Amino acid sequence: MKINRQKVLVWGLILASIYVVYRYWGVAEEILMTVFDASKPFFVGAMISYIVNILMDGYENLITRFVSFQPVLKMKRNLSLLLAYLTFAIAIIVILGIVIPELIRAVQSLLSIDPKTIQQIFKSMEDNGIIKQIIGLIQGDTSGNVDIVSTITGYVQQILSSIGNLLLGILTSATGIFSTVINVFMSIVFSIYVLISKDKLSVQFTNVLKAYVPDWYQTIEATIDVFNQSFRGFIVSQTIEAVILGSLCFVGMLVLRLPYASTVSIMIGSTSLIPLVGAFIGAIIGVVLILTQSVSQAFIFVIFIIVLQQVESNLIYPRVVGGSVGLPPMWVLVAISIGGAIANIFGMFVAVPIAAALYKLFRDDLRKRLANQTLT
């Protein structure tokens, strides 16, 4: 039997590497974590480039379709890149310009509340049977004998403790602000380089697959294409759904004359990017903000959000997002639960498109196998 020396050498190096990593795992782990930390800006830059590329492709298509001036067509790639980043920058500036002043106003309102007013609020809540029943259901007490003052005081203490820990963490990590700014700058610069040379990088990646895994490169490219379609469709549809939900919330709050309409609507629209549970997170923030102005308005807001959620779940989400994701609701819930347990909010966001892609790959492979069995 003829021995392939090259394969023996490759497998020998692999086994030796595994032994070295196992034998010196502490050192290997430290090296791997150092490499991972150093690579974080480039991972973030790759994610930024993927998201920006969706808008960039849209601008390129618009320029190709509506512009016939040749000098503009020749520089459409750079022009589309500039327009895409400007769009995101303007959106962030506008959102922060709306949210931050109203948050400051809410904090000022909270600090200026007269203690007698707080006592009157607690008194009215004590006398309100519906509120007592709701708090009782939350605590699991159906007797109706709920001490609202002590309950809310406990919640407030927990919130203040969390805020204190957050501020302490910010102060203790102040030395890392400069490093964070540098990492963000590196991520953006890297994303620009990726987008400028995306066609060249695609060709190079294909050539690497053809050279090293010639029997598998078509399967790998097809799998990557499925994941790309899943993520792209999910991001676009979730963004559209978030804009629609935020706009409906804004109009409804204006009609009901509720305070902080723009800030709360932006919060709900932004958090709704997280499937199923995101809008509820935004609603909780909205309730806390409106409570600084009026308990009755906060109660009206809760009712309004429940109605809006029903409209969103039954009309908007199935039409806008349902077709693009193609994942049954049961598996959406499972994916969000697993993703949140692994990587918190980021995991909840990416879990659905990953699960949708895996579901499509499994479904297509299952159909192919069943079709082959039928033919044989």
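This structure is a prediction, so every number in the text was calculated from the model and none was measured. (Residues numbered from 1 in each chain as written. Predicted model: local features only at pLDDT ≥ 70, side-chain atom pairs only at ≥ 80, totals over all residues. Heavy atoms only, no water.)

Describing the overall build of the chain
Step number 1: In terms of helices and strands, the chain carries 14 helices and zero strands.
Step number 2: Listing the helices and strands of the chain from first to last along the sequence gives α-α-α-α-α-α-α-α-α-α-α-α-α-α.
Step number 3: Going through the 376 residues of the chain one by one, you find that 27% of them count as buried.
Step number 4: Partitioning the contacts of the chain with sequence separation of at least 6, the portion at a separation of at least 24 is 67%.
Step number 5: Carbon and sulfur atoms provide 71% of the accessible area of the chain, an area that totals close to 25300 Å². (Helix = DSSP H or I, 4+ residues; strand = E, 2+ residues; numbered from the N terminus. Buried < 20%, exposed > 50% of the residue type's maximum accessible area, 1.4 Å probe, protein only. Contact = heavy atoms within 4.5 Å. Areas by Shrake-Rupley, 256 points an atom, 1.4 Å probe, with all protein chains shown as cover.)

Some remarks on the nonpolar core
Nonpolar side chains in soluble globular proteins tend to be buried together.
Step number 1: Ranked by size, the top nonpolar core spans 17 residues in total, and within it Cys-249, Met-253, Val-264, Ile-268, Phe-301, Phe-304 and Ile-305 carry the most contacts.
Step number 2: Contributions of two or more residues to this core are made by α10 (217-255), α11 (261-271), α12 (278-291) and α13 (295-325).
Step number 3: For this core, the element with the most residues is α13, which contributes five residues.
Step number 4: In contact with Cys-249, other than residues within four places in its own chain, are Ser-265, Ile-268, Phe-304, Ile-305 and Leu-308.
Step number 5: Counting residues in each nonpolar core, the second largest holds 14 residues, with Ile-54, Val-325, Val-352 and Ala-355 among its members. (Core = buried A, V, L, I, M, F, W, Y, C linked by side-chain atoms within 4.5 Å.)

What about the UniProt feature "transmembrane region" (unreviewed entry) in the chain?
Step number 1: UniProt tags residues 7-25, 41-59, 79-100, 166-196, 242-260, 266-291, 298-317 and 329-359 as "transmembrane region" (unreviewed entry).
Step number 2: Across residues 7-25 one finds 95% helix and 0% strand; the C-alpha atoms that close the span lie 26 Å apart.
Step number 3: Between the first and last C-alpha atoms of residues 242-260 the distance is 18 Å; the span itself is 74% helix and 0% strand. (UniProt positions renumbered as here; feature names shortened; annotations may be inferred.)

Re α11
Step number 1: Across the 11 residues that make up α11, a large majority, 10, are buried.
Step number 2: Buried within α11 are the following residues: Ala-261, Ser-262, Thr-263, Val-264, Ser-265, Ile-266, Met-267, Ile-268, Gly-269 and Thr-271.

Some details on the packing of aromatic side chains
Step number 1: Applying the stated criterion across every chain yields a total of three aromatic pairs.
Step number 2: Their ring planes at 40° and their centres at 6.3 Å tell us that Phe-36 and Phe-43 sit as a pair that is tilted.
Step number 3: Overall, the relative accessible area of 49% leaves Phe-43 in the partly exposed class. (Phe/Tyr/Trp six-rings, centres within 6.5 Å; stacked < 30°, edge-to-face > 60°.)

Overview of the pattern of salt bridges
Step number 1: A complete count under the given rule lists nine salt bridges for this structure.
Step number 2: One salt-bridge network, in which partners are shared between bridges, spans Asp-57, Glu-60, Arg-77, Lys-198, Asp-199 and Arg-232. (Salt bridge = Lys/Arg side-chain N within 4 Å of Asp/Glu carboxyl O.)

Thoughts on the side chain of Ser-230
Step number 1: Tracing the chain through its elements places Ser-230 in helix α10.
Step number 2: Under the relative-accessibility criterion, Ser-230 is labelled buried at 9%.
Step number 3: Leaving out residues up to four positions away in the same chain, Ser-230 has contacts with Pro-353, Ala-356 and Ala-357.

Regarding a nonpolar patch on the surface
Step number 1: Where nonpolar side chains cluster on the molecular surface, the patch consists of Tyr-19, Val-20, Tyr-24, Val-27, Ile-31 and Val-35 and spans about 610 Å² of accessible area.
Step number 2: A per-element tally of the nonpolar patch places helix α2 (residues 25-66) first, with three residues. (Patch = residues over 30% accessible without salt bridge, like charges linked within 9 Å, V, L, I, M, F, W, Y side chains within 5 Å.)

Observations concerning unusual backbone geometry
Step number 1: Phi is positive for Arg-257, close to 60°, though the residue is something other than glycine.
Step number 2: Locating Arg-257 in the fold gives a position in the loop between α10 and α11.
Step number 3: Exposure remark for Arg-257: the relative accessible area of 72% places this residue in the exposed category.
Step number 4: Unusually for a residue other than glycine, Tyr-260 sits at a positive phi of about 55°.
Step number 5: Looking at where Tyr-260 falls in the secondary structure, it is placed in the loop between α10 and α11.
Step number 6: Assessed through its relative accessible area of 3%, Tyr-260 is described here as buried.

Things to note about the environment of Ser-337
Step number 1: Mapping Ser-337 onto the fold places it in helix α14 (residues 329-375).
Step number 2: Residue classification places Ser-337 among the partly exposed residues on the basis of a relative accessible area of 46%.
Step number 3: Through-space distance from the C-alpha of Ser-337 to that of Ala-351 is 8.7 Å; in sequence the pair is 14 residues apart.

Notes on the packing of α11 against α12
In a packed pair of helices, the relevant descriptors are the angle between the two axes and the axis-to-axis distance.
Step number 1: Between α11 and α12, the least distance of the axes is 7 Å, while the angle of their chain directions is 160°. In terms of orientation, α11 lies roughly antiparallel with respect to α12. Once α11 is placed against α12, the crossing between them reads as right-handed. In this structure, α11 contributes Thr-263, Val-264, Met-267, Ile-268 and Thr-271 to the contact, and α12 contributes Gly-278, Ala-279, Ile-281, Gly-282, Ala-283, Ile-285, Gly-286 and Leu-289.
Step number 2: Tallied by class, residues from the contact of α11 with α12 come to eight nonpolar, five polar and no charged. (Axes fitted to C-alpha atoms, helices over the stretch in contact; angles between N-to-C directions. Parallel < 35°, antiparallel > 145°, perpendicular 65-115°, else oblique. Left-handed = near helix turned anticlockwise from the far one by under 90°. Nonpolar A, V, L, I, M, F, W, Y, C, P; charged D, E, K, R; others polar.)

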